[in-house]
Amino acid sequence: MSSNSHPIRIAIIGAGAVSDYHHVPGINIDPRAELVAACDMSEALLEQRKSDWGIDKVTTDFQQICDDPDIDAVIIATPNFTHHEQAIAAAKGGKHIMCEKPLALNAQQVREMRDAAVEAGVVHMTAFTYRFAPSMRYIRHLVQSGAIGQPRHFRSQRFLDWPETSWGWRQYKKTAGAGDLFDMTIHRIDFAMDLMGKIDKLCGGVAQFCPRDVTTDGESCPPSDVDDWSALIGVFENGGVGVWEGTTVAKGYGFNGFGHELAEINGSEATVRYRLHEPNKIWLGKTGEDVAPVDVPEEFLKPADSPRDPHEGKPADVFRYDLVWEFCSAITEGRDAMPSFDHGLNAQIIADAVLESNESAAWVDVADRLV
Ligand SMILES: NC(=O)c1ccc[n+]([C@@H]2O[C@H](COP(=O)([O-])OP(=O)(O)OC[C@H]3O[C@@H](n4cnc5c(N)ncnc54)[C@H](O)[C@@H]3O)[C@@H](O)[C@H]2O)c1
């Protein structure tokens, strides 16, 4: 419940894929939350969402949502280029904000969003989904408790086999900022810093292999100007090192649309590995053993007080509902959300530095840029 004892009245801005996949289901299982409105540019989609989501209040104008005294919080899940304007308007309207990643097109925009939210005193959260995987929660505990010793190497692979047709708004710098780097690798930059601490310096690269100048309907469209492969090598403040690689054009990595994801840390005592598609397990190994699966203990399968049954639904889907749980917990408890816009800003600073390194063909020192 919010402070004056009605449920937290949430509006969705951007009623597309990700809102339907896990934000609205997350609201539906949280007794403290109520979905009260939706905003989208598409009137046809809003009509459909009225019945899909059981709401009456819909609008194509996000400012109406921001001005509405009967809305407490917003979830912004529109294309990347609109987040900046919408988040600042929501902050000015006194709404708590969960915003999708990447928070904006560059770090300067993100800084302005963060400042607006801080000034308004609202809860601000970045939708970095994979922090919420049970395996990730457990790995975080193992790293912080010293169970793997000193963390030395971080490694992340995210390989997808996407069609070479148009990605719509996702394939242009002016609407997406960057391609695989801002869409996929930015999550892995965030969880790496959550596990290993801040990055001090990095060297990065991006590349594009497919023009994607034909839509899925076979019509021609302007060619993409963003990357479909991104990589970086980073050195963490704690002396550890990291290697990240992401691609959306890895043939043979379809795996029912889920692709391949692996992230691991080699510590001085043990290796721990996360795989997105089996989030209720981790892989663990020490010298003399081979890395092998271990079940995530029950206490890490969901947030402590959440009513979600962690044994219900597909594990790789249902942990995503915990984002709304965290957002509402932060609002109810009057504390910062985790991850906040600060974490979204740090990940954006690193992602921007990857593009800078790619341009300059040089290492980039980021130590003094992070918040
Ligand atoms: N955290 C995650 O795991 C995750 C997963 C998928 C997408 N995302 C992010 O979520 C955002 C949305 O992605 P998606 O896949 O749902 O995209 P989508 O294209 O399916 O949905 C976006 C919706 O926003 C609407 N829209 C566009 N401009 C608008 C505006 N000015 N005002 C209101 N509505 C507008 C579109 O009509 C569309 O319905 C992106 O920032 C993306 O990076 C995050």
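A quick note: this is a predicted structure, and the numbers were derived from the prediction, not measured.

**Some points on helix α2 (residues 43-53)**
So, point 1. Along α2, the positions that sit buried rather than exposed are Leu45, Leu46, Arg49 and Trp53. Burial along α2 is one-sided: seen end-on, the buried residues are contained in an arc of 100 degrees. Within α2, the exposed residues directed more than 90 degrees away from the buried face are Glu43, Ala44 and Ser51.
So, point 2. Buried residues along α2 sit in contact with β1 (8-13), α1 (17-28), β2 (33-39) and β3 (57-59).
So, point 3. Taken from the residues just after α2, glycine 54 is the one with a positive phi, measuring 65 degrees.

**Digging into unusual backbone geometry**
Where the residue is not glycine, phi is negative for most of them; where a peptide bond is considered, it is trans in most cases.
So, point 1. The linkage connecting lysine 101 with the following residue, proline 102, adopts the cis geometry, with an omega of -20 degrees.
So, point 2. Locating proline 102 in the fold gives a position in the loop between β5 (96-99) and α5 (107-120).
So, point 3. Note that the residue after methionine 338, namely proline 339, is joined by a cis bond; omega there is 0 degrees.
So, point 4. Tracing the backbone through its elements, the reader meets proline 339 in the loop between α10 (322-333) and α11 (341-360).
So, point 5. For alanine 361, which is not a glycine, the phi torsion comes out positive at approximately 55 degrees.

**Topic: the site of the ligand**
So, point 1. The immediate surroundings of the ligand are formed by 25 residues, with Asp40, Asn80, Glu100, Lys101 and Thr129 found nearest.
So, point 2. Valine 18 places a polar main-chain atom, nitrogen or oxygen, 2.9 Å from an oxygen atom of the ligand.
So, point 3. The separation between an oxygen atom of the ligand and a polar side-chain atom of arginine 170 is 3.0 Å.
So, point 4. If you map the ligand onto the pockets, it falls in the largest pocket.
So, point 5. Secondary structure elements with two or more residues in the shell around the ligand: α1, α4 (83-92) and α8 (180-196).
So, point 6. When grouped by side-chain class, the residues that make up the shell around the ligand number 11 nonpolar, 9 polar and 5 charged.
So, point 7. Residue contributions to the shell around the ligand reach at least three from each of two domains, namely domain 1 (8-128) and domain 2 (130-338 + 347-365).

**Looking at the environment of glycine 168**
So, point 1. With respect to the element layout, glycine 168 can be found in the loop between β7 (151-159) and α7 (173-176).
So, point 2. Glycine 168 gets classed as partly exposed once you look at its relative accessible area, which sits at 32%.
So, point 3. Separated by 39 residues in sequence, glycine 168 and alanine 207 place their C-alpha atoms 19 Å apart.

**What about the pattern of salt bridges?**
So, point 1. Enumeration over the complete set of coordinates arrives at 26 salt bridges.
So, point 2. As a salt-bridge pair, aspartate 228 and arginine 212 come within 3.2 Å of each other at their nearest N and O atoms. Pair noted here: aspartate 228 is in the loop between β8 (199-207) and β9 (229-236) and arginine 212 is in the loop between β8 and β9, with a separation of 16 residues, a long-range link.
So, point 3. Salt bridges sharing common partners tie together Arg131, Arg140, Asp190 and Asp194.

**Some details on α4**
So, point 1. Across the 10 residues that make up α4, a large majority, 8, are buried.
So, point 2. Listed in full, the buried residues belonging to α4 are His83, His84, Gln86, Ala87, Ile88, Ala89, Ala90 and Ala91.
So, point 3. Once α4 finishes, glycine 94 follows within two positions and takes phi at roughly 75 degrees, a positive value.

**Comments concerning the nonpolar core**
So, point 1. Formed by 101 residues in total, the largest nonpolar core has its most connected members in Val74, Ile97, Phe154, Tyr274 and Ile350.
So, point 2. Per element, the largest residue contribution to this core is 9 residues, and it comes from α8.
So, point 3. Looking at this core, you find at least three residues from each of domain 1 (8-128) and domain 2 (130-338 + 347-365).
So, point 4. Tyrosine 274 has contacts with Tyr130, Ala133, Ser135, Met136, Ile139, Phe191, Glu261, Leu262 and Ala263, leaving out every residue within four places of it along the chain.

**With respect to the sheet that holds strand β14 (residues 292-295)**
So, point 1. Here we have 9 strands laid out as an open sheet, ordered β14-β13-β12-β11-β7-β10-β9-β8-β15, and mixed in their pairing. Of all strands in the sheet, those bounded by a partner on one side alone are β14 and β15 (364-365).
So, point 2. Bridge count for β8 against β15 is 2 bridges, and the pairing is antiparallel. Counterpart to lysine 201 in the pairing with β15 is aspartate 365.
So, point 3. Across the sheet, helix α6 (residues 134-144) is in contact with β7, β11 (260-267), β12 (271-274), β13 (281-285) and β14; its angle to β12 comes to roughly 160 degrees.

**Regarding the packing of aromatic side chains**
So, point 1. This model, assessed by the stated rule, comprises 8 aromatic pairs.
So, point 2. On the basis of an interplanar angle of 65 degrees and a centroid distance of 5.5 Å, the ring pair of phenylalanine 191 and tyrosine 274 is categorised as edge-to-face. Placement of phenylalanine 191 in helix α8 and of tyrosine 274 in strand β12 is noted, with a sequence separation of 83 residues between them.
So, point 3. Its guanidinium or amino end placed over the ring of tryptophan 325, arginine 32 lies 3.5 Å from that ring's centre, counting from NZ or CZ.

**Description of the domain arrangement of the protein chain**
So, point 1. Each domain of the protein chain was delimited in the assignment, giving domain 1 (8-128) and domain 2 (130-338 + 347-365).
So, point 2. Centre-to-centre, using C-alpha coordinates, domain 1 lies 23 Å away from domain 2.
So, point 3. Listed as interface residues are 36 residues of domain 1 and, on the opposing side, 37 residues of domain 2.
So, point 4. Contact with domain 2 buries area across many residues of domain 1, yet Arg32, Met125 and Phe128 alone supply 25% of it, more than any other trio.
So, point 5. Applying the counting criterion to the domain 1 and domain 2 interface returns 1 salt bridge.
So, point 6. Here aspartate 183 makes a salt bridge to lysine 101, at a shortest N to O gap of 3.1 Å.
So, point 7. Counting across the interface, domain 1 meets domain 2 through 10 residue pairs in polar contact (both at pLDDT 80 or more).

Rules used in this analysis
- Residues numbered from 1 in each chain as written.
- Predicted model: local features only at pLDDT ≥ 70, side-chain atom pairs only at ≥ 80, totals over all residues.
- Heavy atoms only, no water.
- Buried < 20%, exposed > 50% of the residue type's maximum accessible area, 1.4 Å probe, protein only.
- Helix = DSSP H or I, 4+ residues; strand = E, 2+ residues; numbered from the N terminus.
- Arc of directions from axis to C-beta.
- Contact = heavy atoms within 4.5 Å.
- Near = heavy atom within 4 Å.
- Polar contact = N/O pair within 3.5 Å; in protein donor to acceptor, adjacent residues only side chain to side chain.
- 1 Å grid on protein atoms, 1.4 Å probe; cavity = no way out; pocket = protein on both sides within 12 Å on 5 of 7 lines; lining within 4 Å.
- Sits in = over half its atoms within 2 Å of the grid points.
- Nonpolar A, V, L, I, M, F, W, Y, C, P; charged D, E, K, R; others polar.
- Domains from an automatic or database assignment.
- Salt bridge = Lys/Arg side-chain N within 4 Å of Asp/Glu carboxyl O.
- Core = buried A, V, L, I, M, F, W, Y, C linked by side-chain atoms within 4.5 Å.
- Pairing = 2+ DSSP bridges.
- Axes fitted to C-alpha atoms, helices over the stretch in contact; angles between N-to-C directions.
- Phe/Tyr/Trp six-rings, centres within 6.5 Å; stacked < 30°, edge-to-face > 60°.
- Lys NZ or Arg CZ within 6 Å of the ring centre and 35° of its normal.
- Buried area = accessible area lost by both parts, 1.4 Å probe.

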